[in-house]
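This is what each chain is made of:
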Amino acid sequence: MGIEIEQPCVELSNVAVSETHGEDSPYFAGWKAYDENPYDELSNPSGVIQMGLAENQVSFDLLEKYLEEHPEASTWGKGAPGFRENALFQDYHGLKTFRTAMATFMEKVRGGRVKFDPQRVVLTAGATAANELLTFILANPGDALLVPTPYYPGFDRDLRWRTGVNIVPIHCDSLNNFQITPEALECAYKDAEAMNFKVRGVLITNPSNPLGITIPRSVLEEILDFVTRKNIHLVSDEIYSGSVFSSSEFTSVAEILEGREYKNAERVHIVYSLSKDLGLPGFRVGTIYSYNDKVVTTARRMSSFTLISSQTQHLLASMLSDEKFTENYIETNRERLRKRYEMIIEGLRSAGIECLKGNAGLFCWMNMSPLLEKPTREGELKLWNAILHQVKLNISPGSSCHSSEPGWFRVCFANMTEHTLEIALQRIRHFVERIRTQTESV
Amino acid sequence: MGLMAVDQTHLLSKMATGDGHGEASSYFDGWKAYDKNPFHPTQNPNGVIQMGLAENQLTSDLVEDWILNNPQASICTPEGINDFRDIANFQDYHGLPEFRNAVAKFMSRTRGNRVKFDPDRIVMSGGATGAHEVTAFCLADPGDAFLVPIPYYPGFDRDLRWRTGAQLVPVMCDSSNNFKLTRQALEDAYEKAKRDNIRVKGLLITNPSNPLGTIMDRNTLRTVVSFINEKRIHLVCDEIYAATVFGHQNFISIAEILEEDTDLECDRNLVHIVYSLSKDMGFPGFRVGIIYSYNDAVVNCARKMSSFGLVSTQTQYLLASMLSDDEFVERFLAESANRLAQRYRVFTGELMNVGIKCLQSNAGLFVWMDLRHLLKTPTLESEMELWRVIIHEVKINVSPGSSFHCTEPGWFRVCYANMEDMAVQIALQRIRTFVLQNKEVMVANKKQCWQSSLRLSLRKSRRFEEISMSPHSPIPQSPLVKATI
């Protein structure tokens, strides 16, 4: 267009000029390095391998097969009779068939141990929108949500940017495998009070990102008791619930509530999405499941800003209602992720690197603290830089996840072929050997 | 599920417990009547006809044909499945390049190719609803205001204010000059805001106008540009109805003023366009909203915010293909204009025959109908009474002007593009009957006051009190389809 870009003299909003969008974090800086020099098996074998992206690419073939066998799911049938209705449909309640299919799918992911009411399913364009929306509803600007560390870097933007809400960390560390303790919860609450923030809720991610572990039932019970005592909300982001390697190891907060006959349930809200379990981040499918009627109603109204394309709802309603397909998918996906996990753990171990024992997710939480020059955040970032530019692996430094202990890194393993993973592991092995040799010779 | 109804409201934010969602407006009440008793040509011929919904259903057949003939555009068909993986995985908030290119081209074409759009300035959003909110977040702090000419689309009250905390300050327009926007009205509104200590950050215009259906002439657009430039405030142009223009007068986009009227001084960093495919293409379900800004910082910020409302890549892919099909797009736009023109002619012609005038217009999916002569008194109460009569006796859902913040009682927005020809005919018949009935009644009771004559014609209808039609009645099942129009 050739327009001269002048400095805007008319101010934008405070939200617009703030940096709470979070893109200056090293979490994203690594991606730039990848974008500039992306690994490709054939055309760029020495490029940067992307291991900072928690995507699930191990089960696409299952989806493709389904679509090939079920053309009616996406083409609106012969003669496109449903097209008009579908293209016109913008009801924020969402397609009933889709909401029902989502509820059913969420039940299946939890091994049928809990029931979900389709009337409580609110649809949003991705979990990103779901988390922000819930924050708008549960907290006023200046209030706080307590979030266990380490946590997904995106929360800094999703929970805080436009909402004006604060995140106060619940500190977890390796001494007890990063589990959330009642002491840590109380501590965080007091920290918030000391900063004059009104605490409105606790937000947990279960299974955890970046830890790759499920939260034990007893801990969930403690968290529920805590929020009840303090009369605050609990948001459980269960976006990785279908990515648990063994179904019996995941307990959803929904199961605990059902066990308590839904007493005090109106303070609990679950966030889910198909971006990780089904590997469909581009389709923008997020949901809020709330046990609170007023939250459901309000969230539904707010979802006007972020509805799911009816074309996509139509496709997925069909796919997720197919029980044979979903059961097979869930089981196969789980198995493949488990195998992938074992492969990377073994590979890292043979390089002398230990990880937190994980049982879910698309990543592992790797401990590189022995390799730090200094046990500090700077030491960690120095190591991270070396890994990015010398080893050419983009992994996520724990500090970008607000980890209080330096030296931990999140490494994704499900967004590449096995072959690529092998190459990545080889590179890590060589790197570690090099460092060890250097250290020994000093 | 047996949940206890505990006092929950104190636990939620002010935003959640307030009325900012805007559903308490009378705009949505008519839909309740429609929902309870929806017209169907064979199953329910006496039901309420929905004319409160600004949808474009006149050209769905053209799109359906295209889809049938282009299976590869859907990544879920055998022809397109090879692209499934990459598309389903793609979540870059820049959007598919081919999508942005196609949208830029389409926007250009709907403006007669008189102006070009840069694909890199196109930012996605969750429909125009999302686009307006994001724009407000980028330009205004809580408490800041946008000037908006009245009458305006009721959704703005929610889109621009609810979560952003921004305010809307009305710019007065009335029938004395066919609701044209004047410099004086802009100045008055701006000065009043200043006196009230409200910081004005921008002006929002909808061109073509909802609910008026009129397009702004070049002079008005130039006035607007020089006004915002002088006051150093932003200009947001909602051009969502750009391709619904028919007839001889050409739509002039703000983009054209910037490109062509080089004599006019304007800081381009102040200008932003909101667009969508919901009206022009008739795809409200696909949630394709666009922010096009001439301001780099706004593009960058809006793009980051678009994470909260991206367009599904499945949809991006389909539309990239469809909107790049030049032959199809040309044909579609021409045919769409024809059909809209035809519908407009039929509808306004028949209304004229029973003495009902509409504001002269040549765009949009509705007319701005003048029923002032049917009001008991020129008041809001009379307008609401008449409106209830139209809903319950004439059985047509139309939107009262007051819901668009119109200060002159008696105007109604009537949508005509969301139904088959037959339904239009039936609607017109009902209106004819109603007007003639009223005329007879008026003649018979010439000496009586207007009030009792209306009472006569209402004897046959249900009493108002039986139907909770107060503007504040809660809507158990929010009539969402309508709620976003």
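Before reading further, recall that the structure is shown in the block above.
We now turn to the structure provided with this report. Here the structure is a predicted model, which is why all the values come from computation and not from measurement.

Some remarks on the interface of chain B and chain A
Contact residues are listed per partner, giving 94 residues for chain B and 88 residues for chain A. Interface of chain B and chain A: buried area, both sides summed, is about 8,300 Å²; carbon and sulfur atoms make up 59% of it. Counting across the interface, chain B meets chain A through three salt bridges. Between Glu-23 of chain B and Arg-301 of chain A there is a salt bridge, and its shortest N-O distance comes to 2.9 Å. Counting across the interface, chain B meets chain A through 24 residue pairs in polar contact (both at pLDDT 80 or more). Only helix H1 (14-17), helix H3 (60-69), helix H4 (84-89), helix H6 (127-139), helix H7 (155-159), helix H11 (296-305), helix H12 (313-324) and helix H17 (480-483) of chain B provide two or more residues apiece to the side of chain B that touches chain A. The element that contributes the greatest number of residues to the side of chain B that touches chain A is H6 of chain B, accounting for seven residues. When grouped by side-chain class, the residues that make up the side of chain B that touches chain A number 42 nonpolar, 28 polar and 24 charged.

Observations regarding the pairing of strand S6 (residues 233-237) of chain A
Residues and elements named next belong to chain A. Counting buried residues in S6 gives five out of five residues, a clear majority hidden from the surface. Residues His-233, Val-235 and Asp-237 point to one face of S6 and Leu-234 and Ser-236 to the other, with burial holding for every one of them. In this structure, strand S5 (residues 199-205) lies alongside S6, joined through five bridges in parallel fashion. Considered in S6, the bridge of Leu-203 is made with Val-235. Between the parallel elements S5 and S6, the chain passes through helix H10 (residues 217-230) in a crossover that is right-handed. As paired strands, S6 and strand S7 (residues 268-273) are joined by four bridges and run parallel to one another. Note on S7: the bridge partner recorded for Asp-237 is Val-271.

As for the side chain of Ser-399 of chain A
Residue and element names in this part refer to chain A. You can see Ser-399 is positioned in the loop between strand S12 (396-397) and strand S13 (408-412). Looking at Ser-399, its side chain comes within polar contact range of the side chain of Glu-380, at 2.7 Å. Other than its neighbours up to four places away in sequence, Ser-399 contacts Arg-377, Glu-380 and Leu-381.

Topic: the state of the cysteines
Inspection of every chain in the model, using the stated rule, returns zero disulfides over all chains. With no disulfide of its own, Cys-412 of chain A has Cys-364 of chain A as its nearest cysteine by sulfur position, at a separation of 8.5 Å. Lacking any disulfide linkage, Cys-406 of chain B is separated from the closest cysteine sulfur, that of Cys-173 of chain B, by 9.5 Å. Judged by relative accessible area, Cys-406 of chain B falls into the buried class, the value being 9%.

Procedures and definitions
- Residues numbered from 1 in each chain as written.
- Chains lettered and ligands numbered in written order.
- Predicted model: local features only at pLDDT ≥ 70, side-chain atom pairs only at ≥ 80, totals over all residues.
- Heavy atoms only, no water.
- Contact = heavy atoms within 4.5 Å.
- Buried area = accessible area lost by both parts, 1.4 Å probe.
- Salt bridge = Lys/Arg side-chain N within 4 Å of Asp/Glu carboxyl O.
- Polar contact = N/O pair within 3.5 Å; in protein donor to acceptor, adjacent residues only side chain to side chain.
- Helix = DSSP H or I, 4+ residues; strand = E, 2+ residues; numbered from the N terminus.
- Nonpolar A, V, L, I, M, F, W, Y, C, P; charged D, E, K, R; others polar.
- Buried < 20%, exposed > 50% of the residue type's maximum accessible area, 1.4 Å probe, protein only.
- Pairing = 2+ DSSP bridges.
- Right-handed = clockwise from strand over helix to strand, strands pointing away.
- Disulfide = S-S within 2.5 Å.

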